[in-house]
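Now for the letters of each chain:
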Number of protein chains: 2
Amino acid sequence: MYGAGDVRVEEVPDPTIVEPTDAVVRVVRACVCGSDLHPYRSMPAGRGRPMGHEMIGVVDAVGGDVTTVAPGDFVIAPFTYSDNTCTFCREGVHTSCKHGGYYGSNGVGGAQAEAMRIPQADGTLVKAGIALEDADDALLASLLTLSDVYLTGYHAAHMGRVRPGQIVTVVGDGAVGLSAVLAAHELGAERIILMGRHLARTDLGREFGATDVVAERGDEGVARVMDLTDGEGAHVVLEAVGHMPAYEQSYRVVRPGGVISRVGVPQYEEAPVGFPSLFGQNVTLTGGVAPVRAYLDDAVGRVLSGAINPGRVFDRTVTLDDVAEGYRLMDSREALKVMVKP
Amino acid sequence: MYGAGDVRVEEVPDPTIVEPTDAVVRVVRACVCGSDLHPYRSMPAGRGRPMGHEMIGVVDAVGGDVTTVAPGDFVIAPFTYSDNTCTFCREGVHTSCKHGGYYGSNGVGGAQAEAMRIPQADGTLVKAGIALEDADDALLASLLTLSDVYLTGYHAAHMGRVRPGQIVTVVGDGAVGLSAVLAAHELGAERIILMGRHLARTDLGREFGATDVVAERGDEGVARVMDLTDGEGAHVVLEAVGHMPAYEQSYRVVRPGGVISRVGVPQYEEAPVGFPSLFGQNVTLTGGVAPVRAYLDDAVGRVLSGAINPGRVFDRTVTLDDVAEGYRLMDSREALKVMVKP
């Protein structure tokens, strides 16, 4: 990406092993993330940067120190790399790994590509648990969501400590919001109120477990949620947007002692947290960049068993040559989530 | 209080039973709260308002619906009243009780008085578990802290989910901060770093369980805490001040995936919560107005058994006639916590 709206497909040298802890992985499926739309809308023109951070693929080569994966393995790559051994990884915060990082910077490429170098391969890559040739398109789609989108939704529900019997409100009907609905359902939420206004999306949300849909926003949206909850509000609000109106919506529909769990990357730095908004009612604010690696091992099993089908969020597929069209489709909301097939 | 610095002692009619759920309690001990200093410093001059919300006393009369306490009972009154039966009370958030409220407003008096009307007496008052005549001054002091200050510190540690083995940083060496140290120690924190610069106070903090004291503030204070934690930061930060520099200190010393638990009443509404401060490192922000009623039954036992002596935070006692001097002593930091003896 060279600036807002300026997505180009370029020939670059094939990635190679640089560190003995690296692997090179041939990309089988990648995709466009809602967070990719932020630079797509506002990045200043300048030097290009590699894009994409969600990927499943087949290991092509490994460095001399890599022991847990080997060439030919079909793997899932979380959207950040991490050693899985440092203090913070052991505490489940792989996105803060002392030796980890994000793709697309510091000499590490992006996932919207034919191949990628994965640093810290032992700590990062997780075997898909099935041979590539045995996986159909639906399964590939669901495995791909474990790289980011589904497990980001799961992170919201996990950090929000969603428990059986609770009322959960999900703010946002994008692919992460719908994933959060599915995760809240998995964790036993009794009632899941999805705030969103795109019928095709909220319909999928209902299939994922939403019991109510609120299309209204602002004061009306708050009033609707309060009506649905006997004026008490939701135990947990999962915020999957990242803009200030979604944050405000969240603290206005959460109940006293409740939790707001954010996974939409905040497009603001300052926000209300004082007596009227959070403190006076003991509302907890949690969430952050999802350490999907922490949840991956368990989630692979749930996908392979068919317990969950999070890959249903993909509604379009483009080739790598057409990736610019994939951005356009998501930006215009014509597509919910676009898969990229090299 | 009639305005900043304007504390007067006045004769008013004795409180009486108004609702059948009321009790009237004769005050045995009350005190001045750190939060009382906010109006003491900044309240506009105008109509007077009754002050004080921390109290132990003896029941003098009860309304017709009151069944759990009777005249003559020695009781502890939490700093808010609550029915202990509504949805939010059952969820442990008594400070958001649907039929509850704060003292000193809506026709309910304050605790810096000879007697008080306590609404929702069944839900609010807790028997002290000992006869008044059997309690010495030290025990009275500790029981009084269960009305607010100790259990507010405890709330910070509880909401911060302090666990054995953790590193906890406490910001603030006031009576609530020291109470938070004691509570973190009770909950098994391995290391407790107390940020404060008043030697008499931090010495008591060490007796309460602080393993390290950091007198520096700002950048230097942050650097000292990071040094003490191998550059990793604290698992939990208990913020017992309420001003913005304390909040900033908190997010700068908390580790990735850690928790900031606030009980200092925020003197700000907006604060940094975006990617650089909280979101990028999965830092949770929790805490609020302490629902001390939720913790009172357990805490009474720990005080009576001598397991904890939180009453040590009191270092001065004044009579009711001298309550203005009590405010002055706390405002000037000559006193840590002032008891009021009617």
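All of these numbers come straight from a predicted model, not from anything done at the bench.

Caption draft 1: Structural detail: the overall build of chain A. Within chain A, the regular secondary structure consists of 11 helices and 16 strands. Here chain A has a C-alpha radius of gyration of 20 Å; the compact-globule value for 342 residues is 20 Å, and the two agree. Counting every position in chain A, which comprises 342 residues, the buried fraction comes to 60%. In chain A, once contacts between residues fewer than 6 apart in sequence are set aside, the share between residues at least 24 apart is 69%. A total of about 13100 Å² of accessible surface is found on chain A, and carbon and sulfur atoms cover 47% of it. If the 29 positive side-chain charges of chain A are averaged to one point and the 44 negative ones to another, these points end up 3 Å apart.

Caption draft 2: Inspection of the interface of chain B and chain A at higher detail. With 44 residues of chain B at the contact, the number on the chain A side is 44 residues. Per-residue buried area on chain B facing chain A is highest for Glu269, Phe279 and Asn282 of chain B; these three make up 21% of the total on that side. Summed over the shared surface of chain B and chain A, the result is 4 salt bridges. Between arginine 255 of chain A and glutamate 91 of chain B there is a salt bridge whose closest N-O contact spans 2.9 Å. Where chain B touches chain A, the interface holds 32 residue pairs in polar contact (both at pLDDT 80 or more). Contributing elements (two or more residues each) for the side of chain B that touches chain A: α2 (87-90), α5 (149-159), β12 (254-262), β13 (270-272) and β14 (284-287) of chain B. Tallied by class, the residues present in the side of chain B that touches chain A amount to 20 nonpolar, 16 polar and 8 charged. As paired strands, strand β13 (residues 270-272) of chain A and β13 of chain B are joined by 3 bridges and run antiparallel to one another. Its bridge partner lying in β13 of chain B, alanine 271 of chain A is registered against alanine 271 of chain B.

Caption draft 3: Fine view of unusual backbone geometry. Residue and element names in this part refer to chain B. Even without a glycine there, the phi angle at asparagine 84 is positive, about 65 degrees. Mapping asparagine 84 onto the fold places it in the loop between β4 (80-81) and α2. The partly exposed category is assigned to asparagine 84, whose relative accessible area is 31%. Positive phi outside glycine occurs at glutamine 120, with the angle close to 50 degrees.

Caption draft 4: Here's a closer look at the pattern of salt bridges. Tallying each qualifying case throughout the model produces 36 salt bridges over all chains. Between glutamate 207 of chain A and arginine 312 of chain A there is a salt bridge; the shortest N-O distance is 2.7 Å. With glutamate 207 of chain A in helix α7 (residues 199-208) and arginine 312 of chain A in the loop between α10 (293-304) and β15 (316-319), the pair connects residues that are 105 residues apart, well separated along the chain. Judged by its relative accessible area of 41%, arginine 312 of chain A falls in the partly exposed class. With a closest N to O distance of 3.0 Å, lysine 337 of chain B and glutamate 54 of chain B form a salt bridge. Here lysine 337 of chain B is found in the loop between α11 (323-331) and β16 (338-341), whereas its partner glutamate 54 of chain B is found in the loop between α1 (37-42) and β2 (55-62), with 283 residues between them in sequence.

Caption draft 5: Main features of the packing of aromatic side chains. Under the criterion given, the structure shown has 14 aromatic pairs over all chains. Its guanidinium or amino end placed over the ring of phenylalanine 88 of chain B, lysine 98 of chain B lies 5.4 Å from that ring's centre, counting from NZ or CZ.

Caption draft 6: Highlighting the pairing of strand β11 (residues 234-239) of chain A. Residue and element names in this part refer to chain A. Most of β11 is tucked away, with 6 of its 6 residues classed as buried. As paired strands, strand β8 (residues 167-171) and β11 are joined by 4 bridges and run parallel to one another. Looking at β11, one finds that valine 170 is bridged to leucine 238. Two strands pair when backbone bridges link them, and β11 and strand β12 (residues 254-262) are joined in this way by 5 bridges, in the parallel orientation. Across the sheet, residue valine 237 finds its bridge partner in β12, namely isoleucine 260. This β-α-β element, β11 to helix α9 (residues 244-253) to β12, shows right-handed connectivity.

Caption draft 7: View of the relation of the copies chain B and chain A. For these two chains of identical sequence, chain B goes onto chain A by a turn of 180 degrees and a shift of 0.0 Å along the axis, with RMSD 0.0 Å. Overall, the copies show the geometry of a two-fold rotation axis. Of every C-alpha in chain B, the one belonging to leucine 285 of chain B sits nearest the axis of rotation, 2.5 Å from it. Most of the interface of chain B is mirrored in chain A, where 100% of its interface residues again form contacts.

Caption draft 8: Molecular detail of the confidence of the model for chain A. On average, residues of chain A carry a pLDDT of 97, and 100% of them reach 70 or more. The ipTM for the predicted assembly is 0.97, set against a pTM of 0.97.

Caption draft 9: The environment of leucine 238 of chain B, seen in detail. Residues and elements named next belong to chain B. Tracing the chain through its elements places leucine 238 in strand β11 (residues 234-239). For leucine 238 and valine 254, which are 16 residues apart along the polypeptide, the C-alpha to C-alpha distance reads 9.9 Å. Among all residues touching leucine 238, those that are not within four sequence positions of it are Ala156, Ala157, Val168, Thr169, Val170, Val171, Ala180, Ala184 and Ser261.

Caption draft 10: A look at the side chain of arginine 29 of chain A. All names here are of chain A. Along the chain, arginine 29 turns up in strand β1 (residues 23-31). Of the polar contacts made by the side chain of arginine 29, one reaches the side chain of aspartate 137; its length is 3.3 Å. Not counting the four nearest positions on each side in its chain, arginine 29 is found in contact with Glu54, Met55, Ile56, Asp137, Leu140, Leu144, Met339, Val340, Lys341 and Pro342.

Caption draft 11: Broad picture of the UniProt feature "domain: Enoyl reductase (ER)" (unreviewed entry) in chain A. Under the present numbering, the feature "domain: Enoyl reductase (ER)" (unreviewed entry) in UniProt falls on residues 3-340 of chain A. Span residues 3-340 of chain A is 29% helix and 22% strand, its end C-alpha atoms 20 Å apart.

Rules used throughout
- Residues numbered from 1 in each chain as written.
- Chains lettered and ligands numbered in written order.
- Predicted model: local features only at pLDDT ≥ 70, side-chain atom pairs only at ≥ 80, totals over all residues.
- Heavy atoms only, no water.
- Helix = DSSP H or I, 4+ residues; strand = E, 2+ residues; numbered from the N terminus.
- Rg over C-alpha atoms; globule rule 2.2 N^0.38 Å.
- Buried < 20%, exposed > 50% of the residue type's maximum accessible area, 1.4 Å probe, protein only.
- Contact = heavy atoms within 4.5 Å.
- Areas by Shrake-Rupley, 256 points an atom, 1.4 Å probe, with all protein chains shown as cover.
- Lys, Arg positive; Asp, Glu negative; His and termini not counted.
- Charge placed at Lys NZ, Arg CZ, Asp CG, Glu CD.
- Buried area = accessible area lost by both parts, 1.4 Å probe.
- Salt bridge = Lys/Arg side-chain N within 4 Å of Asp/Glu carboxyl O.
- Polar contact = N/O pair within 3.5 Å; in protein donor to acceptor, adjacent residues only side chain to side chain.
- Nonpolar A, V, L, I, M, F, W, Y, C, P; charged D, E, K, R; others polar.
- Pairing = 2+ DSSP bridges.
- Phe/Tyr/Trp six-rings, centres within 6.5 Å; stacked < 30°, edge-to-face > 60°.
- Lys NZ or Arg CZ within 6 Å of the ring centre and 35° of its normal.
- Right-handed = clockwise from strand over helix to strand, strands pointing away.
- Least-squares fit on C-alpha atoms with pLDDT ≥ 70 in both.
- pLDDT = per-residue confidence, 0-100.
- UniProt positions renumbered as here; feature names shortened; annotations may be inferred.

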